[in-house]
Amino acid sequence: MKRQKKAVAVTGLHRGENPQPGPAVIASLRRRFPDLRIIGLSYDPMESSLYGQGADHPDAAYLIPFPGAGATALLERLDMIREKEDLGFVIPCLDSELENYMAIHPQLLERGIDCILPAPDSFKARGKADLYDFCRRIGVPVPMTKLANNPAAVERCAQEIGYPVYVKGRLYNANLARSRADLAQAYDEIIKVWGWPLMVQEVLSGEEYDVTGVGDGKGRIVKSCTIRKLLRTSHGKGFAGIVVEDPAIDHLSQRIIHELRWDGPFELEFLKVPGKPHALMEINPRFPAWIDFPSQIGCNLPALLLDRLLDQEPQPLRTCAAGQMFVRHCVDLVGEFSNFADMASSGERIFKPRSVPIESTP
Amino acid sequence: MAEKKKEAARTGASQRSDTLRFYGGSFVLNTASGMFYRLSPAAEYLLRALEAGAKTGQFADLITTRYGVDHATAVRDAELLLNQFTALGLPDNFRTKRAP
């Protein structure tokens, strides 16, 4: 039976130099569901999607506690938001918050709020600390990666792998160390933010490919889109991409998602060293920031996810055709300081209806 | 295949190989790797000849016929181009296409 269309909450609303997926997810949902009420769950009043006015902005936004505050704090805040919003679904868009949503999933369901999340063991297997062993077990190429729990272990791992190496945080951040002398500097900041353990990883150099899709939880990819990154930021984030049709990547992706029985959105990051097969670098448990690109060419994966949450037959999606490309474009959004002050003081902000044009200041 | 033809018509690209797509006379896109290359007129001529069924061993003769250069120059130019094509994996697309 079809469910009533309630509000959808989306996180990860900042499109800064390291863009988060939320605004692209919102834009995609609006393409299929123009009247849908979309709630932004924000960690900071300066998140860019809280300013300006467009299809990639929420109808209302609420501050929520940082993931480090834990699952209970998140649930309490969502209960407060529920007093004002008829919240039906949540689409988490940041890696760091997935564990909290997985922890409170039963309580959310009791409250009539649904979200599609991977099973805990699938989520763990794709984590940076376990990915190497997972890939080795299923025969998917992966750069050599070692886990280090203290400075001496970092040094030992780097020596065993051979310089240069990447030092990676448990969830985010990666720094290059070209020699032993670089090592401490490479991991100091990561440890301060993310703590131990660290991953020490072999450096591979080549073309980067990303696959985004939705898994059905039974081992099948419902639909996906694969791109080669055409431009990369200094953080290695894709700033332009082109659709490719490569059976080798499709085969690897299917193998990985099948093995994980992945449920929900994902992004697989591959790197292709010339003359070698694609190596899996990361599995992100969410849509990528470029998710509105496939939506614009007929492959709306966030809408597919919401169709499933609504228990309705998904609309058939087009296959992304090789050669179609995107280039990210940064714009300046206009706001008033009162926008910031409202959000920072009350923790919530209701936006004007999107149909109202923005007035220019004389 | 009909879908690929439609796509080629939409984008103005020609689609005769499974993975190589020509854009005018200047660009070729490998649709599997997403790598694209700007082509010199001679490179475009030889890649299109490969598409039409020529063998790489015929490159020197094709260059001589097309550009009227002496055979020794044509052999050297053909080798240089073939080396570049091979490094980029371009001839593989035609081998795959013609495999039984």
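Residues numbered from 1 in each chain as written. Chains lettered and ligands numbered in written order. Predicted model: local features only at pLDDT ≥ 70, side-chain atom pairs only at ≥ 80, totals over all residues. Heavy atoms only, no water.

Visitor: Would you explain the overall build of chain B in this entry?
Guide: In terms of helices and strands, chain B carries five helices and four strands. Counting from the amino terminus, helix and strand elements in chain B follow one another as α-β-β-β-β-α-α-α-α. For chain B, with 100 residues in total, the buried portion stands at 40%. Look at the contacts in chain B between residues 6 or more apart in sequence, and 34% of them connect residues 24 or more apart. (Helix = DSSP H or I, 4+ residues; strand = E, 2+ residues; numbered from the N terminus. Buried < 20%, exposed > 50% of the residue type's maximum accessible area, 1.4 Å probe, protein only. Contact = heavy atoms within 4.5 Å.)

Visitor: Any chance you could explain the confidence of the model for chain A here in plain terms?
Guide: For residues with low pLDDT, the predicted coordinates do not support detailed interpretation. Considering every residue of chain A, the mean pLDDT works out to 92; 96% of them sit at 70 or more. A low-confidence stretch, residues 356–362 of chain A (pLDDT under 50), is modelled with four contacts involving residues beyond four sequence positions or located in other chains. (pLDDT = per-residue confidence, 0-100.)

Visitor: What am I meant to see in the packing of aromatic side chains here?
Guide: Two aromatic rings are characterised by how far apart their centres lie and by the angle between their planes. Residues and elements named next belong to chain A. One pass over the full model with this rule turns up eight aromatic pairs over all chains. Relative to phenylalanine 340, the ring of phenylalanine 337 lies with its centre 5.4 Å away and its plane at 35°, an arrangement referred to as tilted. One end of the pair, phenylalanine 337, and the other, phenylalanine 340, are both in helix α11 (residues 337–346), three residues apart, so they sit about a helical turn from each other. Look at phenylalanine 340 and you get partly exposed, because its relative accessible area is 24%. Members of the aromatic cluster, connected to one another through ring pairs, are Trp290, Phe293 and Phe326. If you follow arginine 126 out to its NZ or CZ, it ends over the ring of phenylalanine 123, 4.8 Å from the centre. (Phe/Tyr/Trp six-rings, centres within 6.5 Å; stacked < 30°, edge-to-face > 60°. Lys NZ or Arg CZ within 6 Å of the ring centre and 35° of its normal.)

Visitor: Any chance you could explain the packing of helix α3 (residues 59–67) of chain B against helix α4 (residues 71–88) of chain B here in plain terms?
Guide: Any two packed helices are characterised by how steeply their axes cross, that is the angle between the axes, and by the distance between the axes. Residue and element names in this part refer to chain B. Running from amino to carboxyl end, α3 crosses α4 at an angle of 125°, the nearest separation of the two axes being 8 Å. Classified by the interaxial angle, the pair formed by α3 and α4 is oblique. Every pair of crossing elements has a handedness; the one defined by α3 and α4 is right-handed. Each of Phe59, Ala60, Asp61, Ile63 and Thr64 in α3 lies in contact with α4, whose residues at this interface are His71, Ala74, Val75, Asp77, Ala78, Leu82 and Phe85. In terms of residue class, the contact of α3 with α4 is made up of eight nonpolar, two polar and two charged. (Axes fitted to C-alpha atoms, helices over the stretch in contact; angles between N-to-C directions. Parallel < 35°, antiparallel > 145°, perpendicular 65-115°, else oblique. Left-handed = near helix turned anticlockwise from the far one by under 90°. Nonpolar A, V, L, I, M, F, W, Y, C, P; charged D, E, K, R; others polar.)

Visitor: What is the right way to read the pattern of salt bridges from this model?
Guide: All names here are of chain A. Taken as a whole, this structure holds 26 salt bridges over all chains when the rule is applied. Among the ionic pairs, arginine 111 bridges to aspartate 79, the shortest N-O distance being 2.7 Å. Of this pair, arginine 111 sits in the loop between α3 (98–110) and α4 (120–125) while aspartate 79 is found in helix α2 (residues 71–82), placing the two residues 32 residues apart along the sequence. The partner of arginine 137 in a salt bridge is glutamate 259, with the nearest N and O atoms 3.6 Å apart. With a gap of 122 residues between them, arginine 137 in helix α5 (residues 131–138) and glutamate 259 in helix α8 (residues 247–260) connect regions that are remote in the sequence. (Salt bridge = Lys/Arg side-chain N within 4 Å of Asp/Glu carboxyl O.)

Visitor: Would you take a moment to explain the nonpolar core for this structure?
Guide: All names here are of chain A. The biggest cluster of nonpolar side chains holds 39 residues, and the ones touching the most others in it are Val8, Val10, Val25, Leu29 and Leu306. Secondary structure elements with two or more residues in this core: β1 (7–10), α1 (22–32), β3 (60–63), β4 (87–91), β10 (221–232) and α10 (301–309). Tallying contributions element by element places α10 first for this core, with six residues. Both domains that meet at this core, namely domain 1 (7–115 + 332–350) and domain 2 (122–126 + 205–327), each give it at least three residues. Not counting residues within four places of it along the chain, the set of residues in contact with leucine 29 comprises Val8, Val10, Leu36, Ile38, Ile91, Pro302, Ala303 and Leu306. If you look at the next biggest cluster of nonpolar residues, it comprises 25 residues, including Ala9, Tyr43, Tyr101 and Ile113. (Core = buried A, V, L, I, M, F, W, Y, C linked by side-chain atoms within 4.5 Å. Domains from an automatic or database assignment.)

Visitor: Help me understand the sheet that holds strand β13 (residues 278–284) of chain A, please; the structure alone is not making it clear to me.
Guide: What holds strands together in a sheet is hydrogen bonding between their backbones, with the strands either parallel or antiparallel. Residues and elements named next belong to chain A. Ordered by their spatial adjacency, six strands build an open sheet running β13-β12-β9-β10-β11-β14, and the pairing between neighbours is antiparallel. With one partner strand each, in any of the chains shown, β13 and β14 (325–327) form the two edges of the open sheet. For this sheet, the mean angle separating the axes of adjacent strands, direction not counted, is 30°. The sheet contact formed by strand β9 (residues 207–216) and β10 spans seven bridges and is antiparallel. Looking at β10, one finds that valine 211 is bridged to threonine 226. Lying on the sheet, α8 is in contact with β9, β10, β12 (263–272) and β13; it crosses β12 at an angle near 135°. (Pairing = 2+ DSSP bridges.)

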